[in-house]
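A closer look at the structure
Residues per chain are reported as follows:
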Amino acid sequence: MAGPESRHKILIYFQIFMISIASIFINSPEFILTRIFSWLSIPALLIIPVTLSSPILSVQLVSIFLGIATPFVYLSLTYEVFFIPSLYFTLFILLKLELSEASTTWKEFWFQKIGSGNRIRQFDLANSFRLAWLHLFFVYLSFFGIGNIASINSFDPSASRCFVSVFNPFVMMILLLIKIICPFLLVACVFRLLMLTSKEVEQNFLIVLYFCQGMALHMFLNVTNVGSWNAERSIFDF
């Protein structure tokens, strides 16, 4: 066990080092090391959490958070940098409430293994709809947490200043898409840890799909063709 535990510690310490460098170098976008570490943070986002594969729930979740937060810091401009940590702590509390008994302490939950919660969860229909609604709620929170995704013009291209020094619309667009995906990726990873079996994942997906179809149908029925302003507004809302 010493081998895997040592490897987990090394990877976590490396991620902490990467996000510490990001918080220092973000104010010096023209520095050559800023360019190097910012581009390294993107493959690290995908590789390190997969490589770590810790059986401890909190270790795996911290690794996912650090992997997502590092490139997000480089792509942030102002207060939006606090959105990912706030979302992470909220989701972590949700995991605590869903996967453990009320008497379980935070220290016990911190060392809990994936899929070995003390709480016997009965996934009846009402509970499944509740979890699906929470999943959809956090997806919508991620949707508008860092800007209006419905209009890509609401995002400042200068967010890519740590990655590129010259105007390159294609690279900037890809970097902005990575920034937009980061909150969604965190929500998806946390809810995958919350769903213990593939059957629960499929059930959650179908219920979320039904919710989305109902919301789309509701907005579609509100589309009107009377008046130029009302028609334009209703189509935009849809």
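This is a predicted model, so every value here is computed, not measured.

On to the environment of V73. As for its position among the elements, V73 is in helix α3 (residues 57–74). Residue V73 is classed as buried on the basis of its relative accessible area of 12%. For the pair V73 and I19, spaced 54 residues apart in sequence, the C-alpha separation works out to 7.8 Å. Excluding residues within four positions of it along the chain, V73 makes contact with I19, A22, S23, I26 and V81.

Membership of the largest hydrophobic core comes to 55 residues, with the highest contact counts inside it found for L91, F163, L186 and F191. Every element with two or more residues in this core is listed here: α1 (2–25), α2 (32–52), α3, α4 (83–99), α6 (125–145) and α7 (169–194).

Charged atoms that come close allow side chains of opposite charge to pair. What the rule picks out here adds up to 3 salt bridges. Between E30 and R35 there is a salt bridge; the shortest N-O distance is 3.4 Å.

To continue, consider the side chain of E80. Along the chain, E80 turns up in the loop between α3 and α4. At a separation of 2.9 Å, a polar atom in the side chain of E80 contacts the main-chain amide nitrogen of L77. One polar contact links E80 to K179, side chain to side chain, over a distance of 2.6 Å. Discounting chain neighbours no more than four positions away, the residues touching E80 are F72, L75, I146 and K179.

As a further point, take the packing of aromatic side chains. Applying the stated criterion to the full structure yields 14 aromatic pairs. Residues F17 and F37 carry aromatic rings whose centres are separated by 6.1 Å and whose planes lie at 75° to one another, so their mutual orientation is edge-to-face. Of this pair, F17 sits in helix α1 while F37 is found in helix α2, placing the two residues 20 residues apart along the sequence. With centroids separated by 5.3 Å and ring planes inclined at 75°, the aromatic side chains of F137 and F138 adopt a geometry described as edge-to-face. For F137, a relative accessible area of 41% translates into the label partly exposed. An aromatic cluster of at least three residues, connected via ring pairs, comprises F17, F25, F31 and F37.

For the rest of this paragraph, the subject is the packing of α4 against α7. Relative placement of two packed helices is described by the angle separating their axes and the distance separating the axes. Between α4 and α7, the least distance of the axes is 10 Å, while the angle of their chain directions is 10°. Put simply, α4 runs roughly parallel to α7. Across the interface between the two elements, F83, I84, L87, Y88, L91, L94, L95, E98 and L99 from α4 touch C182, P183, L186, V187, V190, F191, L193 and L194 from α7. Considered class by class, the residues forming the contact of α4 with α7 number 16 nonpolar, no polar and 1 charged.

Quick look at helix α8 (residues 198–221) now. Its 24 residues place the ends of α8 35 Å apart at the C-alpha level, agreeing with the 34 Å of an ideal helix rising 1.5 Å per residue. Along α8, the residues that are buried comprise E200, N204, I207 and V208.

With that out of the way, let us pick up a nonpolar patch on the surface. Where nonpolar side chains cluster on the molecular surface, the patch consists of F31, I32, L33, I36 and L40 and spans about 430 Å² of accessible area. Judged by relative accessible area, I36 falls into the partly exposed class, the value being 41%.

Definitions and limits used
- Residues numbered from 1 in each chain as written.
- Predicted model: local features only at pLDDT ≥ 70, side-chain atom pairs only at ≥ 80, totals over all residues.
- Heavy atoms only, no water.
- Helix = DSSP H or I, 4+ residues; strand = E, 2+ residues; numbered from the N terminus.
- Buried < 20%, exposed > 50% of the residue type's maximum accessible area, 1.4 Å probe, protein only.
- Contact = heavy atoms within 4.5 Å.
- Core = buried A, V, L, I, M, F, W, Y, C linked by side-chain atoms within 4.5 Å.
- Salt bridge = Lys/Arg side-chain N within 4 Å of Asp/Glu carboxyl O.
- Polar contact = N/O pair within 3.5 Å; in protein donor to acceptor, adjacent residues only side chain to side chain.
- Phe/Tyr/Trp six-rings, centres within 6.5 Å; stacked < 30°, edge-to-face > 60°.
- Axes fitted to C-alpha atoms, helices over the stretch in contact; angles between N-to-C directions.
- Parallel < 35°, antiparallel > 145°, perpendicular 65-115°, else oblique.
- Nonpolar A, V, L, I, M, F, W, Y, C, P; charged D, E, K, R; others polar.
- Expected span 1.5 Å × (residues − 1).
- Patch = residues over 30% accessible without salt bridge, like charges linked within 9 Å, V, L, I, M, F, W, Y side chains within 5 Å.
- Areas by Shrake-Rupley, 256 points an atom, 1.4 Å probe, with all protein chains shown as cover.

Geometry only, nothing functional implied.
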